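# Observations on chain architecture
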Amino acid sequence: MGDYRPDGSEALGAHVPIGTTGNELGSSSRQSSVLYHHLRQPPLNIVGGRGSWLITDSGQEILDATCGAAVACLGHSDKRVHDAIMEQLQKFPYCYSMFFTNNAAEELSKILVDSTEGVMSRAYVVSSGTEAVEASLKMAVQYFMEMSPKQPQRVNFIARKQSYHGNTLGSLSVGHHLGRRALYEKILAKNVHHVSQCYPYREMRDEESMDTYVARLAQELEDKFQELGPDTVCAFVAETVTGATLGCVPALPGYLKAMKEVCQKHGALLILDEVMCGMGRTGTLHAWEQEGVTPDLQTVAKGLGGGYAPIAALLVNRRVVDTLSQGSGAFSHSQTYQGHPVSCAAACKVQKIIRDDHLLANVREMGEYLGQLLHETFDKYAHVGDIRGRGLFWAIEFVLDKETKQAYPPSQAVAWTIHKTALEPEYSVSVLPGSGGIDGVNGDHICFAPPYNCTRDEIHMIVHRAFMAVRKVLGE
Ligand code: PLP
C-alpha cells in the first residue's frame, strides 16, 4: 500500500507530482486562508457557472464533465432553483427540527417516499452523504434494539472492500478506501467486516461465468455470516453502483438480489448507499430499481439537491419505521440542520425539474451515447483496461499493460495527473480522478458524470477533450 500523504495523494501513495508537473494551473502563487484538501496549492477559483460550464477568475471556461463529484445534476445556475431558494428565504430560513417541522421538509420527504412506490415510508433529511450513512448505521442498530424480542447482539456490519461511504469514523469504518483509512486504522470500528466487491474486470476468474461469479460472492457473504455468527450481523452495506473508489462499477445482474437473499435468510438488514449513484444518475431515480431488489435503508445525496444546497437523506422502510414507532417512538439521533428549509426547498425544485423536464430519459439517451463514444474513442488505446458505466455515470480504468492488467504505480499519480492536465486551458474539461480500485490504493481511473440535461455536443466535447488530455499524459 502506498504512503498516505496529507497533500491530497492519499489514494495514490507517495510522490504525487503536485508542484512538479509544470501544470499548476496558475493558482499556486495565490495565498489562501481556506483549508483546502490540497494544503500547498489552492485549486482554481470558480467565479461563475452556467449549464455544463464553470468559469474561473481568469475567465477560463471549463466543461464540467463530472458535476463536481456527481452532484450538479442540473448543471449550474438554474434560475428556477434560485427562485425556489429565495422564496423559502423570504418566508424564513431555519427552524429547529426537534421542535418544528416545515413545509419544504414535508414536501421533500413525500417526494422521496413516493418515488419508491411504497418501499420506503419515511425520509430523514440531513446535510451530507456521510451524515446519511452514519444515520443508517445507527438506525439499523436501534431497529434491533427495539424489536420484540430485542436482538442486542446484532452489532456486526458487513460491508465491501474497495467501497466508499464517507469520511467520518463510522462511515470510514464501513468503507474500505485504504488510502483514506490509512491514518486512522487504529481508531476505526472493529465490528465492521469486509467481503469482496463485485468487480468483474479484475476479480471474476477466467473460468467463471457471471452466474458462478455472483454465486461465489454470495457464498463469501454467507461464510462471513457464519464466521461472525449469523445472528450477530446487523446489516450488509453496499453501494448499488460502486462510485468513488472504483470509479463506477455497476453490479452484475443478480448480484444484489443474491446478497439480499443471504441477508434475509439471517434476518439482517440491507443498506444500499446511493449517495453517488442515486436520484437519477444511472437512468432511474433509484439505482436499485434496475436490480430487482429493495433495500431496508437507503441513502441518497448528491443528485438530490444538485449542489444548490448541501442535502442528503436516509430513506427508511416501513418495517424499520414501525418498529421504532412501536418501540421508543424516536430515532435516537438528531442534528441541528436536519430538514433545513432552504436546502429542502432547493431539493424539491431540483426533483420537480428532473421530473418535469423528463431528464431521466435524457440521462438514458445521453448515457448510451457517452458509453458508445467512450468505447469508440478509447477501446483501441493501449492504456485503457476497462470502460464501464450506467446512465450518465462512466469510468475508464487505466493500465500499463492491457494483457496483464498491470496498474500504474501509485507514484505516477496517473489519474490525478490526467485530471490536472484536462483542466489546462487547452483542454478545459473537468474529469473525476480516483485510484482506489485494485486494493483501495492502486488502480487509476477517471470518471464522467455530466449533468442530466447535457447535450450530444457536450458529450462529444467531453470525450474528445478527455482523450486529448489522456494522450498528453500517457502518450500516443
Ligand atoms: N457514500 C458514497 C457512496 C459516496 O460516494 C460519498 C461521497 O462521495 C459519500 C457516501 C459521502 O458523502 P459526502 O461527501 O456528501 O459526505
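Residues numbered from 1 in each chain as written. Predicted model: local features only at pLDDT ≥ 70, side-chain atom pairs only at ≥ 80, totals over all residues.

## What to know about the site of the ligand
Surrounding the ligand, one finds 15 residues, the nearest of these being Gly 129, Thr 130, Gly 166, Val 275 and Met 276. With 3 residues, the single largest contributor to the shell around the ligand is helix α4 (residues 129-146). Tallied by class, residues from the shell around the ligand come to 7 nonpolar, 6 polar and 2 charged. (Near = placed C-beta within 6 Å. Helix = DSSP H or I, 4+ residues; strand = E, 2+ residues; numbered from the N terminus. Nonpolar A, V, L, I, M, F, W, Y, C, P; charged D, E, K, R; others polar.)

## Side note on the sheet that holds strand β13 (residues 384-390)
In spatial order, the strands read β13-β14-β17-β16; together these 4 strands make up an open sheet with antiparallel pairing. Every other strand in the sheet has two partners, leaving β13 and β16 (432-434) as the edge strands with one partner each. Between one strand axis and the next, the sheet turns by 20° as a mean value, whatever way the strands run. By the bridge criterion, 4 bridges tie strand β14 (residues 393-398) to strand β17 (residues 445-448) in an arrangement that is antiparallel. (Pairing = 2+ DSSP bridges. Axes fitted to C-alpha atoms, helices over the stretch in contact; angles between N-to-C directions.)

## Describing the nonpolar core
Ala 140, Ala 235, Phe 236, Leu 269, Ala 313 and Val 431 are the most contacted members of the largest nonpolar core, which has 134 residues in total. For this core, the element with the most residues is α4, which contributes 9 residues. If you count residues domain by domain, this core takes at least three from each of domain 1 (46-76 + 359-474) and domain 2 (79-357). Setting aside chain neighbours within four positions, we find Leu 269 in contact with Ala 140, Tyr 143, Cys 234, Ala 235, Cys 263, Asp 296 and Leu 297. (Core = buried A, V, L, I, M, F, W, Y, C linked by C-beta atoms within 7 Å. Buried ≥ 20, exposed ≤ 12 C-beta atoms within 10 Å, placed from the backbone. Domains from an automatic or database assignment. Contact = placed C-beta atoms within 7 Å.)

## A word on unusual backbone geometry
Going from Ser 148 to Pro 149, the amide bond is cis rather than trans, its omega being -5°. Relative to the elements of secondary structure, Pro 149 occurs in the loop between α4 and β5 (156-160). For Met 279, which is not glycine, the phi torsion reads 55° and is therefore positive. Note on placement: Met 279 falls in the loop between β10 (269-274) and β11 (297-300). A positive phi angle, close to 50°, is found at Ser 428, a residue other than glycine. As for its position among the elements, Ser 428 is in the loop between α14 (414-422) and β15 (429-430).

## Overview of the confidence of the model for the protein chain
Across the protein chain, pLDDT averages 93, with 94% of residues at or above 70. Scored as a complex, the prediction yields pTM 0.94 and ipTM 0.99. (pLDDT = per-residue confidence, 0-100.)

## What about the sheet that holds β11?
One open sheet holds the 7 strands; their spatial order is β4-β12-β11-β10-β7-β5-β6, and the pairing between them is mixed. Bordering the open sheet on either side are β4 (120-126) and β6 (192-195), each of which pairs with just one other strand. Between one strand axis and the next, the sheet turns by 20° as a mean value, whatever way the strands run. Taken strand by strand, helix α11 (residues 318-326) contacts β4, β11 and β12 (312-317), and its axis lies near 85° from that of β12.

## Let's talk about the domain arrangement of the protein chain
Under the domain assignment, the protein chain is made up of domain 1 (46-76 + 359-474) and domain 2 (79-357). With centres defined by C-alpha atoms, the gap from domain 1 to domain 2 works out at 25 Å. Taken together, the contact between domain 1 and domain 2 spans 37 residues of the former and 34 residues of the latter. Broken down by secondary-structure element, the contributors of at least two residues to the side of domain 1 that touches domain 2 are α1 (67-70), α13 (359-378), β13, β14 and β17. Its residues assigned to classes, the side of domain 1 that touches domain 2 comprises 19 nonpolar, 11 polar and 7 charged.

## So, the pairing of strand β2 (residues 53-56)
Residues in a regular strand point their side chains to alternate faces of the sheet. Burial of β2 is one-sided: the residues Leu 54 and Thr 56 facing one way are buried, the residues Trp 53 and Ile 55 facing the other way are not. Here 4 bridges tie strand β1 (residues 46-50) to β2, and the two strands are oriented antiparallel to one another. Its bridge partner being in β2, Arg 50 is matched across the sheet by Trp 53. In this antiparallel pair of consecutive strands, β1 and β2, the connection spans 2 residues, and Gly 51 shows a positive phi of 55°. With 3 bridges joining them, β2 and strand β3 (residues 61-64) adopt antiparallel strand pairing. Counterpart to Trp 53 in the pairing with β3 is Leu 63. Connecting the antiparallel pair β2 and β3 is a turn made up of 4 residues, with Gly 59 showing a positive phi of about 85°.

## Looking at helix α15 (residues 456-474)
The terminal C-alpha atoms of α15 lie 27 Å apart, and with 19 residues this matches the ideal 27 Å at 1.5 Å per residue to within 8%. Considering only its buried residues, α15 is in contact with β3, α13, β14, α14, β15 and β17. Gly 475 sits one or two positions beyond α15 and adopts a positive phi of about 95°. (Expected span 1.5 Å × (residues − 1).)

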